[in-house]
Amino acid sequence: MKVGVTVNGTAQEHDVEPRTLLVHYLREDCGLTGTKVGCDTSSCGACTVLVDGESVKSCTMLAVQADGATATTIEGLANGEAMHPVQQAFHEHHGLQCGYCTAGMVMAAVSLLEETPDPSERDVRIGIEGNLCRCTGYHNIVESVLAAAEQMRTQPR
Amino acid sequence: MIPAAFDYVRAESAEDAVAQLAEHGDEAKLLAGGMSLLPLMKLRLATPAVLVDVGRVSELSYVRDAGDHVAIGALTRHRDVETNDVLSRECGVLRAVASQVGDNQVRHRGTIGGSIAHGDPASDLPAALLALDATFVAQGPAGTREIAASEFFQGFLETALAPDELLCEIRVPKTGADGFAFEKFSRRAQDFATVGVVAVRTSAATHVGLINMGSTPLRATAVERALAQGATAADAAARAADGTEPSADLNASVEYREHLARVLVRRALGAI
Ligand SMILES: Cc1cc2nc3c(=O)[nH]c(=O)nc-3n(C[C@H](O)[C@H](O)[C@H](O)COP(=O)(O)OP(=O)(O)OC[C@H]3O[C@@H](n4cnc5c(N)ncnc54)[C@H](O)[C@@H]3O)c2cc1C
Ligand code: FES
Ligand code: FES
């Protein structure tokens, strides 16, 4: 089946089997390997990307369901050399250890801040409950998201 | 894990979906948000030959004030229930329950209709709708029919929907902005309830729904009866596990679930 998705601003079209998962479409057909597969059972959030601006678990969505939509992966966040405020905050606040959960954490955080621009610490913890960090670095992840929120409110891009 | 191969068709409208189901028969399954069906297909516990995707049938995504009740389209996502203004005034309990279904990613895709049609006793919304005495509207080849929530959940993942029917609307009575409590107990973030309780106070009575206390979502009828006869909340809550048949799993034994039901009902009744 022909599937057309605008990924990180670029129109992509591929012929895929209907059973192709969005995460495999992004990694293998589009060649964007920043999105990771962790659990492959909808639990860990490592595969989180944005579809039409909202976070989804791309291991639990078919590529055909994204036909005609826009998708954003971790590769699409930075503006040239300038990192997205959420990426910058993870960098500055040491919001990652091994980094495996990071792409998904950052995408979940971007979606959360879109919906809740001024979150409390509790809002952040609940807002990223669909993302697991095997290194258990939650403390700095939460700090990073709060710092990014502050940055985005005071200095919008 | 990749699902077994299937044919994919996209329904353009509710009518089209019903026609597609009629054409493909028992081999077909509807795909809404995919938050329950796709995990099952990836595990190959479900292997439909044809998927009829209703995910884009936007005419079934709405929340409307319909006078004496609120009408909710079956394709309305949990996120849209959770943030809806009509519901915040007229049926606050549904917003509160929807806001605790899974995580943000799940709520961005999962739909209220999918949650009901799946018929999982561990799901939150079915027990809430049972407590609300909601009515479900199904559309099939012969037209539409209404099904009371109390008649709908028939067994584990078994509902009154025929294989060729589409759930199109959910009708909930107006219970107001407050006068409810939702107690969901689980050991991990984003998880299904080990046991959950939804209590709703209406002008006439207090209704209590139980999550994960049997093979279907349940009403705590012994609690409701005790309250109607003037029992205190504590005495009524002691009856929470009466008539239930919870199962044991790695999270909880039968006794522990029964204990949780009594504690959570007591908390819920105390909060409304
Ligand atoms: C990580 C995770 C955590 C979750 N946690 C919770 C939780 O805490 N509480 C909870 O309640 N749920 C939870 N869920 C399940 C979630 O609520 C699902 O969204 C919901 O159960 C199914 O809705 P859906 O739109 O995704 O349906 P789908 O998965 O698309 O479909 C489910 C079933 O319903 C049928 N169906 C769908 N729509 C219709 C319709 N309109 N008419 C007739 N049949 C239809 C399908 O054919 C299928 O059999 C979780 C899911 C995940 C992945
Ligand atoms: S890989 Fe998708 S949720 Fe874990
Ligand atoms: S940084 Fe290692 S899994 Fe989160």
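In this text the structure is predicted, and so the values were computed from the model without any measurement.

## Side note on the pattern of salt bridges
All names here are of chain B.
Then, number 1: A full pass over the atoms with the stated rule returns 21 salt bridges over all chains.
Then, number 2: Taking the shortest distance from any N to any O, the salt bridge between Glu 165 and Arg 145 comes out at 2.7 Å. Linking Glu 165 in the loop between β9 (158-159) and β10 (166-173) with Arg 145 in strand β7 (residues 143-148), this pair joins segments that are 20 residues apart in sequence.
Then, number 3: A relative accessible area of 10% places Glu 165 in the buried class.

## Looking at unusual backbone geometry
Then, number 1: Backbone geometry places Ser42(A), a non-glycine residue, at a positive phi of 70°.
Then, number 2: Relative to the helices and strands, Ser42(A) resides in the loop between α1 (22-29) and β3 (48-51).
Then, number 3: For Gln190(B), which is not glycine, the phi dihedral falls at a positive 60°.

## Structural notes on the interface of chain B and chain A
Then, number 1: Taken together, the contact pairs 31 residues of chain B with 32 residues of chain A.
Then, number 2: Summed over both sides, the interface of chain B with chain A buries roughly 2500 Å², with 50% coming from carbon and sulfur.
Then, number 3: Considering only the surface of chain B that becomes buried against chain A, Gln105(B), Arg109(B) and Gln190(B) emerge as the three largest contributors, covering 23% of it.
Then, number 4: Counting every contact that joins chain B to chain A gives five salt bridges.
Then, number 5: Where Arg79(B) meets Glu115(A), a salt bridge forms, and the shortest distance between an N and an O atom there is 3.3 Å.
Then, number 6: Where chain B packs against chain A, one counts 18 residue pairs in polar contact (both at pLDDT 80 or more).
Then, number 7: Those elements that provide at least two residues to the side of chain B that touches chain A are β1 (7-10), α2 (37-42), β3 (50-53) and α6 (104-109) of chain B.

## Overview of the packing of aromatic side chains
Residues and elements named next belong to chain B.
Then, number 1: For the structure shown, the criterion picks out four aromatic pairs over all chains.
Then, number 2: Judged by centre distance (4.8 Å) and plane angle (80°), the ring pair of Phe 136 and Phe 152 falls under edge-to-face. On the criterion of sequence distance, the pair formed by Phe 136 in strand β6 (residues 135-140) and Phe 152 in helix α9 (residues 149-152) is long-range, its members being 16 residues apart. Phe 152 carries the same exposure label as Phe 136, and that label is buried.
Then, number 3: The interplanar angle of 80° and the centroid separation of 6.1 Å between the aromatic rings of Phe 136 and Phe 153 together place this pair among those described as edge-to-face. Here the residue Phe 136 occupies a position in strand β6, and Phe 153 occupies one in strand β8 (residues 153-155), the gap between them amounting to 17 residues.
Then, number 4: Owing to a relative accessible area of 10%, Phe 153 belongs among the buried residues under this scheme.

## Thoughts on the domain arrangement of chain A
Interfaces are often described in size by the accessible area the parts lose on coming together.
Residue and element names in this part refer to chain A.
Then, number 1: Along its sequence, chain A is carved into domain 1 (2-76) and domain 2 (85-154).
Then, number 2: Computed from C-alpha atoms alone, the centre-to-centre distance between domain 1 and domain 2 is 21 Å.
Then, number 3: Each partner contributes to the interface: domain 1 provides 18 residues, whereas domain 2 provides 13 residues.
Then, number 4: Applying the counting rule to domain 1 against domain 2 returns zero salt bridges.
Then, number 5: Our count for the contact surface shared by domain 1 and domain 2 stands at six residue pairs in polar contact (both at pLDDT 80 or more).

## Looking at the site of ligand 1
Then, number 1: Every one of the 32 residues lining ligand 1 counts as a neighbour, but Leu30(B), Met35(B), Ser36(B), Leu37(B) and Thr111(B) are closest to it.
Then, number 2: Site remark: ligand 1 is flanked by residues from chains A and B.
Then, number 3: Taking Leu30(B), its main chain carries an N or O atom lying 2.6 Å from an oxygen atom of ligand 1.
Then, number 4: At a separation of 3.1 Å, an oxygen atom of ligand 1 approaches a polar backbone atom of Gly102(B).

## As for the environment of Ala127(B)
Residues and elements named next belong to chain B.
Then, number 1: When you line up the elements, Ala 127 lands in helix α8 (residues 124-131).
Then, number 2: Spatially, the C-alpha atoms of Ala 127 and Gly 33 are 20 Å apart, while their sequence positions differ by 94 residues.
Then, number 3: When neighbours within four sequence positions are excluded, Ala 127 is seen to be in contact with Gly 209, Leu 210, Ile 211 and Pro 217.

## Brief notes about helix α10 (residues 221-228) of chain B
Then, number 1: Taken together, the buried positions of α10(B) are occupied by Ala222(B), Val223(B), Glu224(B) and Ala226(B).
Then, number 2: Against β13 (206-211), β14 (218-219), α11 (233-237) and α12 (254-271) of chain B lie the buried residues of α10(B).

## Notes on the sheet that holds strand β5 (residues 70-72) of chain A
Residue and element names in this part refer to chain A.
Then, number 1: Spatial ordering of the open sheet is given by β2-β1-β5-β3-β4, a layout of five strands whose pairing is mixed. Across the chains shown, the open sheet's two edge strands, defined by having one partner strand only, are β2 (10-15) and β4 (54-57). Strand-to-strand twist in this sheet, taken as the mean axis angle between neighbours without regard to direction, amounts to 40°.
Then, number 2: By the bridge criterion, six bridges tie strand β1 (residues 2-7) to β2 in an arrangement that is antiparallel. Pairing of Val 7 across the sheet is with Thr 10, part of β2.
Then, number 3: Sheet strands touched by helix α3 (residues 102-115): β3, β4 and β5. Its angle to β3, the strand with the most contacts, is close to 40°.

Rules behind the numbers
Residues numbered from 1 in each chain as written. Chains lettered and ligands numbered in written order. Predicted model: local features only at pLDDT ≥ 70, side-chain atom pairs only at ≥ 80, totals over all residues. Heavy atoms only, no water. Salt bridge = Lys/Arg side-chain N within 4 Å of Asp/Glu carboxyl O. Helix = DSSP H or I, 4+ residues; strand = E, 2+ residues; numbered from the N terminus. Buried < 20%, exposed > 50% of the residue type's maximum accessible area, 1.4 Å probe, protein only. Contact = heavy atoms within 4.5 Å. Buried area = accessible area lost by both parts, 1.4 Å probe. Polar contact = N/O pair within 3.5 Å; in protein donor to acceptor, adjacent residues only side chain to side chain. Phe/Tyr/Trp six-rings, centres within 6.5 Å; stacked < 30°, edge-to-face > 60°. Domains from an automatic or database assignment. Near = heavy atom within 4 Å. Pairing = 2+ DSSP bridges. Axes fitted to C-alpha atoms, helices over the stretch in contact; angles between N-to-C directions.

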